[in-house]
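Structural overview
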Amino acid sequence: MNFNELPMPTWEECQRVADFLQGFSNPVRVKILCALREGEKSVGEIAEYLNAKQSNISQQLQILMAKGYVVKRREERNVYYSVRDRRIYAVMEQIRRLSQEE
(Lines give C-alpha, C1' and ligand atoms only; values in the text may rest on other atoms or scores of the structure.)
Protein backbone atom coordinates (compact mmCIF):
# COMPACT_ATOMS: atom_id res chain seq x y z
CA MET A 1 0.00 0.00 0.00
CA ASN A 2 1.19 3.49 -0.84
CA PHE A 3 1.86 5.62 2.25
CA ASN A 4 -0.27 8.41 0.77
CA GLU A 5 -3.24 6.02 0.76
CA LEU A 6 -2.97 5.17 4.45
CA PRO A 7 -5.61 6.54 6.83
CA MET A 8 -4.62 9.28 9.25
CA PRO A 9 -2.73 7.60 12.11
CA THR A 10 -3.92 7.96 15.67
CA TRP A 11 -1.93 9.98 18.19
CA GLU A 12 -0.84 6.72 19.80
CA GLU A 13 0.49 5.42 16.49
CA CYS A 14 2.31 8.69 15.88
CA GLN A 15 3.84 8.50 19.37
CA ARG A 16 4.97 4.90 18.76
CA VAL A 17 6.65 5.90 15.48
CA ALA A 18 8.31 8.93 17.10
CA ASP A 19 9.55 6.80 20.01
CA PHE A 20 10.92 4.17 17.64
CA LEU A 21 12.75 6.74 15.51
CA GLN A 22 14.51 8.14 18.59
CA GLY A 23 16.79 5.14 18.31
CA PHE A 24 18.37 6.81 15.30
CA SER A 25 18.89 10.15 17.07
CA ASN A 26 22.44 9.38 18.20
CA PRO A 27 25.27 8.76 15.71
CA VAL A 28 26.89 6.19 18.03
CA ARG A 29 23.72 4.11 17.95
CA VAL A 30 23.64 4.31 14.16
CA LYS A 31 27.28 3.19 14.03
CA ILE A 32 26.53 0.30 16.41
CA LEU A 33 23.74 -0.86 14.11
CA CYS A 34 26.14 -0.66 11.17
CA ALA A 35 28.71 -2.71 13.09
CA LEU A 36 26.08 -5.36 13.85
CA ARG A 37 25.21 -5.65 10.18
CA GLU A 38 28.14 -8.08 9.88
CA GLY A 39 26.71 -10.28 12.65
CA GLU A 40 26.51 -10.48 16.41
CA LYS A 41 29.25 -8.92 18.50
CA SER A 42 30.15 -8.42 22.14
CA VAL A 43 30.37 -4.97 23.72
CA GLY A 44 34.16 -5.21 23.57
CA GLU A 45 34.14 -6.10 19.88
CA ILE A 46 31.78 -3.22 19.07
CA ALA A 47 33.87 -0.79 21.14
CA GLU A 48 37.03 -1.87 19.35
CA TYR A 49 35.33 -1.70 15.96
CA LEU A 50 34.13 1.86 16.66
CA ASN A 51 37.20 2.92 18.64
CA ALA A 52 34.94 3.91 21.54
CA LYS A 53 34.70 3.28 25.27
CA GLN A 54 32.90 0.11 26.33
CA SER A 55 30.85 2.04 28.87
CA ASN A 56 29.48 4.32 26.14
CA ILE A 57 28.73 1.36 23.88
CA SER A 58 26.94 -0.45 26.72
CA GLN A 59 24.81 2.59 27.44
CA GLN A 60 23.82 2.98 23.79
CA LEU A 61 23.11 -0.75 23.45
CA GLN A 62 20.68 -0.51 26.37
CA ILE A 63 18.78 2.20 24.51
CA LEU A 64 18.79 0.15 21.30
CA MET A 65 17.42 -2.82 23.23
CA ALA A 66 14.72 -0.69 24.87
CA LYS A 67 13.66 0.57 21.43
CA GLY A 68 13.54 -3.01 20.14
CA TYR A 69 16.38 -2.67 17.63
CA VAL A 70 18.75 -5.24 19.16
CA VAL A 71 18.64 -8.38 21.26
CA LYS A 72 21.28 -10.01 23.41
CA ARG A 73 22.35 -13.61 23.78
CA ARG A 74 24.32 -14.96 26.69
CA GLU A 75 26.93 -17.65 26.13
CA GLU A 76 28.55 -18.62 29.41
CA ARG A 77 30.10 -15.38 30.68
CA ASN A 78 29.89 -13.57 27.34
CA VAL A 79 27.00 -11.47 26.04
CA TYR A 80 26.51 -10.97 22.32
CA TYR A 81 24.29 -8.42 20.64
CA SER A 82 22.57 -8.67 17.28
CA VAL A 83 19.93 -6.81 15.31
CA ARG A 84 16.43 -8.08 16.13
CA ASP A 85 15.02 -7.51 12.64
CA ARG A 86 17.22 -6.97 9.61
CA ARG A 87 14.52 -4.81 8.01
CA ILE A 88 16.01 -2.04 10.15
CA TYR A 89 18.71 -1.69 7.48
CA ALA A 90 16.11 -0.86 4.83
CA VAL A 91 14.77 1.85 7.15
CA MET A 92 18.29 3.15 7.72
CA GLU A 93 18.95 3.26 3.98
CA GLN A 94 15.76 5.22 3.34
CA ILE A 95 16.64 7.70 6.10
CA ARG A 96 20.16 8.05 4.68
CA ARG A 97 18.76 8.80 1.22
CA LEU A 98 16.24 11.30 2.56
CA SER A 99 18.91 13.05 4.62
CA GLN A 100 21.07 13.52 1.51
CA GLU A 101 18.35 15.05 -0.64
CA GLU A 102 18.37 18.80 -1.05
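Reference entry: report on the structure contained in this document. These figures come from a predicted structure and were not determined experimentally. (Residues numbered from 1 in each chain as written. Predicted model: local features only at pLDDT ≥ 70, side-chain atom pairs only at ≥ 80, totals over all residues. Heavy atoms only, no water.)

Summed over the entire model, instances satisfying the criterion amount to 6 salt bridges. Here Lys41 makes a salt bridge to Glu38, at a shortest N to O gap of 3.5 Å. For Lys41, a relative accessible area of 11% puts it in the buried group. Close ionic contact of Glu75 with Arg73 constitutes a salt bridge, the shortest N to O distance being 2.8 Å. (Salt bridge = Lys/Arg side-chain N within 4 Å of Asp/Glu carboxyl O. Buried < 20%, exposed > 50% of the residue type's maximum accessible area, 1.4 Å probe, protein only.)

Next up on the list: the pairing of strand 2 (residues 78-83). It is a general feature of regular strands that their side chains alternate between the two faces of the sheet. Of the strand pairs in this sheet, strand 1 (residues 70-75) and strand 2 are connected by 6 bridges, and their pairing is antiparallel. When the sheet's bridge partners are listed, Lys72 is paired in strand 2 with Tyr81. Two successive antiparallel strands, strand 1 and strand 2, enclose a turn made up of 2 residues, where Glu76 displays a positive phi of approximately 55 degrees. (Pairing = 2+ DSSP bridges. Helix = DSSP H or I, 4+ residues; strand = E, 2+ residues; numbered from the N terminus.)

The subject of this paragraph is the environment of Met65. Mapped onto the elements of the fold, Met65 is located in helix 4 (residues 54-66). Distance in space between the C-alpha atoms of Met65 and Val83 is 9.2 Å, their sequence separation being 18 residues. Excluding its chain neighbours within four sequence positions, the residues that come into contact with Met65 are Val70, Lys72 and Tyr81. (Contact = heavy atoms within 4.5 Å.)

Further remarks concern the packing of aromatic side chains. A full pass over the atoms with the stated rule returns 3 aromatic pairs. With a centroid separation of 6.5 Å and an interplanar angle of 85 degrees, the aromatic rings of Phe20 and Phe24 are classed as edge-to-face. On the basis of relative accessibility, which here comes to 29%, the residue Phe20 falls in the partly exposed class. The exposure class assigned to Phe24 is buried, which follows from its relative accessible area of 15%. Pairing Phe24 with Tyr69 gives two aromatic rings, centres 5.2 Å apart and planes at 55 degrees, and the pair type is tilted. Placement of the pair is Phe24 in the loop between helix 1 (11-21) and helix 2 (27-36) and Tyr69 in the loop between helix 4 and strand 1, with a sequence separation of 45 residues. Residue Phe24 shares its accessibility class with Tyr69, and that shared class is buried. (Phe/Tyr/Trp six-rings, centres within 6.5 Å; stacked < 30°, edge-to-face > 60°.)

On to the environment of Val28. In this fold, Val28 is placed in helix 2. When the C-alpha atoms of Val28 and Asn56 are compared, they prove to be 8.7 Å apart, with 28 residues separating the residues in sequence. When near neighbours in sequence (up to four residues on either side) are disregarded, Val28 contacts Leu50, Asn56, Ile57 and Gln60.

This part covers unusual backbone geometry. Not every positive phi belongs to a glycine, and Asn51 is a case in point at roughly 55 degrees. With respect to the element layout, Asn51 can be found in the loop between helix 3 (43-50) and helix 4. With relative accessibility at 72%, the residue Asn51 sits in the exposed group. With a phi close to 55 degrees, Glu76 is a non-glycine residue in the positive phi region. Following the sequence through the fold, Glu76 ends up in the loop between strand 1 and strand 2. Of the residues examined, Glu76 reaches a relative accessible area of 76% and is grouped as exposed.

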